[in-house]
Amino acid sequence: MEMITSAPAGSPTLESLRVEPLLTPEFDADPIRVYERLRRTYGPVAPVGLMGVPVWLVLGYGEVLDVLRNESTWRRDVQYWRARAYGQLPPDWPLLAGYEVRQTMFMDDKEHRHARQTHNEALHPFRDGNTAQGWEIRTAVARCTDDLVAALAAESGHVGYTDLCARYSRPLLLMVTTKLFGFPSELGDELVHDLWLMLDGGPGADPAAGRALAAMTRVAAHRRERPADDLTSYMLLTDPGLSDEELGRELFMNAVYLNDITNTMVLNTLLEVLVGNASVRRTLSTGQLEETLNRAVLINPPAANMPFRFASRDVRLGNFWIRAGDVALPSAAAAHQELMVAGPDQVAESMVSTRAHLGWGAGPHQCPSAARELGSMIVTTAVGRFFEHFDRAELAVPPDRLPWRSGPMVRGLRQLPVHYELSRNSAAVGRPGRPSDRAGTWHRWRLRPYRPRVSRGGCSRHCGG
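Here is a short report on the structure shown in this document.

Topic: the overall build of the protein chain
What the protein chain contains, in helices and strands, is 19 helices and 13 strands. Within the protein chain, contacts between residues at least 6 apart in sequence are counted, and of these 75% link residues at least 24 apart. As presented, the protein chain carries roughly 19200 Å² of accessible surface, and 52% of it is formed by carbon and sulfur atoms.

So, in structure tokens, the structure goes:
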């Protein structure tokens, strides 16, 4: 039988199909319902409009895996994007800014493998608590949680109300970024907000990406002159040929994942425990924090829709022929929902099933092993330490009224409001005197009189909202 290598004549093109916009109030409120409707209408691949640009949204678990794993057909290099090459994108299309930054995430083949190896080797010393640098990071995460809880106790009392995003996960990840990358803390708040703007496609996405990239390039130049025991210096040691601009671009990508994705993982894992699911609480009580994290990522993957892939040739996917140069948007959230619908009870109780999540990606471009280990260590330490400090923490609003930030790529909580009671046995609560200067500095960031800048995904200044 002859293999078909190009789309048959008469098969519909992406541009010829009538597409519905993906980012709507309905999607903000309940993206799973939107994914389910699209799957019923089109099957495992659906044509949608993303801020005015047609893309193929990949919904099926098997189809998402195929796109992620088949590097020869599905490319990450933006140069394969036909609409971009032909000047067919709106000149102010907000998501383009991030894709124009040339770094590992948007490379293929030998170039990608070399850059990925640099990342893995540079991250290796920090990967877990069994290395000196990893132990230092884990200890710093634990110390930061103590500082934040001490500040909360001093300012709001042993019993009260707080937002765990603004008062816990966000400042925690700012601290980790500052320490891991080796840059001054005053960069943190502005930098993280610029990264959120870029990811969510806000009206200021293009200048935000430029500011974040410039900040990272300055850090690269600083650490070239003054190397230290941080990721920036280790990347220079691993690949001395990196220019400041090239290293700045790589730090830029790492900052996106460390702040936005890892912060969201912390919040979603806390949420899974707080909603009161018995099996989740059991895994926490038996010390299986990795499994709690896996469950949280399966139910609410932080990178709900993963970075674009571009077809290098005509290829059949789902019920459609995808043309060379078309853009595909693989949806981890939709793929996970397919698993959950297949057997939510079995998935909830099965450690093997929960490890099928796509939170770290899959295929040649999945997160390097050292990055996965580091991310897991940060999340599990943050979550485990939290429940050592609190005797009680309950959601202050019903789960279906929590404010979510649903952008084109990331879905995360804008706030996680809780009523709490601190443990009298907590070492942080018993500290005499004022909270540490570090915790006080983070709190001042949170209280600065910002004028919120709202993105398309609903992201304001505070806590990724």
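Digging into the sheet that holds strand β3 (residues 53-58)
Here 6 strands make up an open sheet; going across it, the order is β1-β2-β3-β9-β6-β4 and the pairing mixed. A single partner strand is all that each edge strand has here, and the edge strands are β1 (20-21) and β4 (74-75). The sheet contact formed by β3 and strand β9 (residues 327-330) spans 3 bridges and is parallel. Paired with Val-58 across the strands is Pro-330, a residue of β9.

Details of the environment of Pro-364
Its location among the elements puts Pro-364 in the loop between α17 (351-354) and α18 (369-389). Along the backbone, Pro-364 and Leu-68 are 296 residues apart, and their C-alpha atoms lie at a distance of 7.6 Å. Those residues in contact with Pro-364 that sit more than four places away from it in its chain are Leu-68, Arg-69, Glu-71, His-112 and Arg-116.

Overview of the nonpolar core
Residues Leu-22, Leu-50, Trp-81, Phe-181, Phe-308 and Leu-416 are the most contacted members of the largest nonpolar core, which totals 106 residues. Looking at this core, the element that brings in the most residues is helix α12 (residues 244-274), giving 14 residues. Residues Val-45, Trp-56, Leu-68 and Ala-311 belong to the second largest nonpolar core, which totals 21 residues.

Some points on the sheet that holds strand β13 (residues 417-422)
With respect to topology, 3 strands assemble into an open sheet ordered β5-β13-β10, the strand pairing being antiparallel. In this open sheet, the two strands that pair with only one neighbour each are β5 (159-163) and β10 (390-395). Each adjacent strand pair in this sheet contributes to an overall mean axis angle of 25 degrees, direction not counted.

A short note on helix α8 (residues 164-181)
Within an α-helix, residues lying three or four positions from one another point in the same direction, as the helix has 3.6 residues per turn. Spanning 18 residues, α8 covers 24 Å between terminal C-alpha atoms, matching the ideal 26 Å at 1.5 Å per step. Of all the bends in α8, the greatest reaches close to 25 degrees and is centred on Arg-170; the proline Pro-171 follows between one and four positions later. Counting buried positions along α8 gives 17 out of 18 residues, so the element sits mostly inside the fold. Two to three positions downstream of the cap, the backbone nitrogen of Cys-165 sits 3.0 Å from a side-chain oxygen, assigning the N-cap of α8 to Asp-163. Of the residues flanking the end of α8, it is Gly-182, one or two places downstream, whose phi is positive at about 75 degrees.

Some details on helix α11 (residues 231-238)
By the criterion of burial, α11 is predominantly enclosed, with 6 of the 8 residues buried. Among all positions of α11, only Leu-231, Thr-232, Ser-233, Tyr-234, Met-235 and Leu-236 are buried. Those residues of α11 that are buried are in contact with α6 (109-123), α7 (132-156), α8, α10 (205-225) and α12. Capping the start of α11 is the job of one residue whose side-chain oxygen sits 3.3 Å from the backbone nitrogen of Thr-232: Asp-230.

So, the pairing of β13
Alignment of β5 against β13, held across 5 bridges, turns out to be antiparallel. Bridge pairing in β13 places Tyr-161 opposite His-419. Taken together, the 5 bridges between β10 and β13 define a ladder with antiparallel strand orientation. Looking at β13, one finds that Ala-393 is bridged to Tyr-420.

Quick notes on the rules
- Residues numbered from 1 in each chain as written.
- Predicted model: local features only at pLDDT ≥ 70, side-chain atom pairs only at ≥ 80, totals over all residues.
- Heavy atoms only, no water.
- Helix = DSSP H or I, 4+ residues; strand = E, 2+ residues; numbered from the N terminus.
- Contact = heavy atoms within 4.5 Å.
- Areas by Shrake-Rupley, 256 points an atom, 1.4 Å probe, with all protein chains shown as cover.
- Pairing = 2+ DSSP bridges.
- Core = buried A, V, L, I, M, F, W, Y, C linked by side-chain atoms within 4.5 Å.
- Buried < 20%, exposed > 50% of the residue type's maximum accessible area, 1.4 Å probe, protein only.
- Axes fitted to C-alpha atoms, helices over the stretch in contact; angles between N-to-C directions.
- Expected span 1.5 Å × (residues − 1).
- Bend = angle between axes of the 7 residues up to and from the residue.
- Polar contact = N/O pair within 3.5 Å; in protein donor to acceptor, adjacent residues only side chain to side chain.

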